[in-house]
Amino acid sequence: MKEFFMRVVSSADLHIMGNATFSKNIKKRLNASAVNNFKTAIKVLYPLMPIFNHNQKLMAQQPITNSSASSIALKRTLGPLMLWGLGVGYVISGMYFGWNLGLPVGGTLGLAIATFFIIILYITFTFSYAELACAIPKAGGVFDYATRAMGKDIGFVAGMAQIIEFVFAPPAIAAAIGAYFHIFFPQFSVTSIAVVAYIIFTSLNMYGVKAAATFELIITAFAVFELLLFSGIALPHFHWSNLTQNAFPNGWKGVWAAIPFAVWFFLGLEGVANVAEETVNPQKNVLKGFGSALITLIILCVLVFASSVGVGGWEKVVYPTPGAEASDSPLPLALSQITGNSGWLYHLLITIGLMGLVASFHGLILAASRATYEFGKTGCIPVLFGKIHPKFKTPVSALLLNMSIGIIALFTGKTGDIITIAVFGAIMLYIFAMISVLILRKREPSLARPFKVPMYPYFPIIALVIAVISMIAMITLNIKLAVIFFAILVLAYIWFHFIVKQKTDVQSTTLKG
């Protein structure tokens, strides 16, 4: 898993370009001295401080209290189509790269079996999560659901897991975007391009959710079109025998090892719930957005998997040449077997393929800001980050905070490890969310539920079991990073329990007195 995400950082198609020297140079740039990079990060972020301070002054007159969490609310502008664009956009980069690195460990059959169970996870999880999102349409997502079901302490831990996923996933995608553009503009460094991408897409999100969601819809439509075009070109060259050759090289152990790569196909879909407060008629439209996005992603997953591997076997979409280093870009490798790697169609598809990276990067910035905003609004972090800009009606402070953290993470050169920790956060989110569904059904049977998950309690239980198994697989494959992830949760909980919670209790007692 660690090697997979480090390759994600290195480039979106460095390997298929056949430039091994360039790939090494990119890795050197991304793994430069942490001290020097930190100094550079400070220089980059320092000019942004006037913007941050100006935003703080504009909102200083809007104190957050329990009676009125914010006199300026998030603006409801999103409909089902926009939610579809966000849901697919959060995830679609996973269709373009990375998943194929599960093939050497699992083979075609091993990865297919793992993906089958992960699809079941996301079907059962999505409909269960939609019940929560429709009943409790809050920007905090699992933070709000778990808090209501299990109290503030567990809710905080669940919210932290969500923030870890959404805040720390974008830096790796930003680095991949930087490496991709560096191919065409070698005079600019990978990191500088990645930082510019952060600033541009954070600014777009600051401007307004409708503009951000409209952009996401357009860019996602391009990315979906490219995948359909790729499948249309590849499927006529599909041969069943290519799926069966060396299909199960490591047996059931390979299925176990392939689970994290199967998760990568769908990681991030849960972000739809975080824009529930900005959705028109969320009790109905959140379900439509979740459902349509999930159906689209399942179809794309099957098409991409079958058409890529079916062209020449799984080895051909992992290794550019026999004995070469594994590539994380299966689509260009498959396409090169049909069109070669110099034709106009090949380059057109590679160029459009960048849309998948941009869609996921931009979408996760949006989802992350809403999770951070909810933490600030409830006092888990400084209340400044829980305020809405009076003009743009967006959580500007939360966006700037997340961008600062992301840029610092980017400059550490450890984005591969960071994104792996983000996957831990996602799976932990799934576990807490399914437990919340079960508890709230029992504890609050009269809670208004515009949508109820079908086949209850089987759907949330199935999702919970598969999520726990996936977590065990992640821990066994990434013991060191698992320790770091759980250490972050423990330290954050200690801070919350002994500082934030006590301060809140004192304020509540004072108000009552």
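Please refer to the structure higher up on the page.
This part is about unusual backbone geometry. Put simply, Tyr-456 and Pro-457 share a cis peptide bond, and its omega is 5 degrees. For Pro-457, the location among the structural elements is in the loop between α19 (415–443) and α20 (458–477). At Asn-281, a position not held by glycine, the phi torsion is positive, near 50 degrees. Mapped onto the elements, Asn-281 comes out in the loop between α14 (251–264) and α15 (282–312).

Glancing now at a nonpolar patch on the surface. On the surface, a cluster of nonpolar side chains totalling about 450 Å² of accessible area is made up of Trp-256, Ile-461, Val-465, Val-468, Ile-469 and Ile-472. Considering each element in turn, the nonpolar patch owes the most residues, 5 residues, to α20. On the basis of relative accessibility, which here comes to 36%, the residue Ile-469 falls in the partly exposed class.

Turning our eyes to something else, we now look at the pattern of salt bridges. All chains considered together, the criterion is met by 6 salt bridges. A salt bridge links Arg-370 to Glu-278, with the nearest nitrogen and oxygen atoms 2.6 Å apart. One end of the pair, Arg-370, is in helix α17 (residues 344–377); the other, Glu-278, is in the loop between α14 and α15, and 92 residues separate them in sequence. The same class applies to Arg-370 as to Glu-278, namely buried. Linking Glu-374 and Lys-377 is a salt bridge whose minimum nitrogen-to-oxygen distance equals 3.4 Å.

Let us look at the environment of Arg-370. Overall, the relative accessible area of 0% leaves Arg-370 in the buried class. C-alpha separation for the pair Arg-370 and Gly-386, spaced 16 residues apart in sequence, amounts to 9.1 Å. When near neighbours in sequence (up to four residues on either side) are disregarded, Arg-370 contacts Ala-139, Val-209, Asn-274, Glu-278, Thr-394 and Pro-395. Looking at Arg-370, its side chain comes within polar contact range of the side chain of Glu-278, at 2.6 Å.

Calculation rules
- Residues numbered from 1 in each chain as written.
- Predicted model: local features only at pLDDT ≥ 70, side-chain atom pairs only at ≥ 80, totals over all residues.
- Heavy atoms only, no water.
- Helix = DSSP H or I, 4+ residues; strand = E, 2+ residues; numbered from the N terminus.
- Patch = residues over 30% accessible without salt bridge, like charges linked within 9 Å, V, L, I, M, F, W, Y side chains within 5 Å.
- Areas by Shrake-Rupley, 256 points an atom, 1.4 Å probe, with all protein chains shown as cover.
- Salt bridge = Lys/Arg side-chain N within 4 Å of Asp/Glu carboxyl O.
- Buried < 20%, exposed > 50% of the residue type's maximum accessible area, 1.4 Å probe, protein only.
- Contact = heavy atoms within 4.5 Å.
- Polar contact = N/O pair within 3.5 Å; in protein donor to acceptor, adjacent residues only side chain to side chain.

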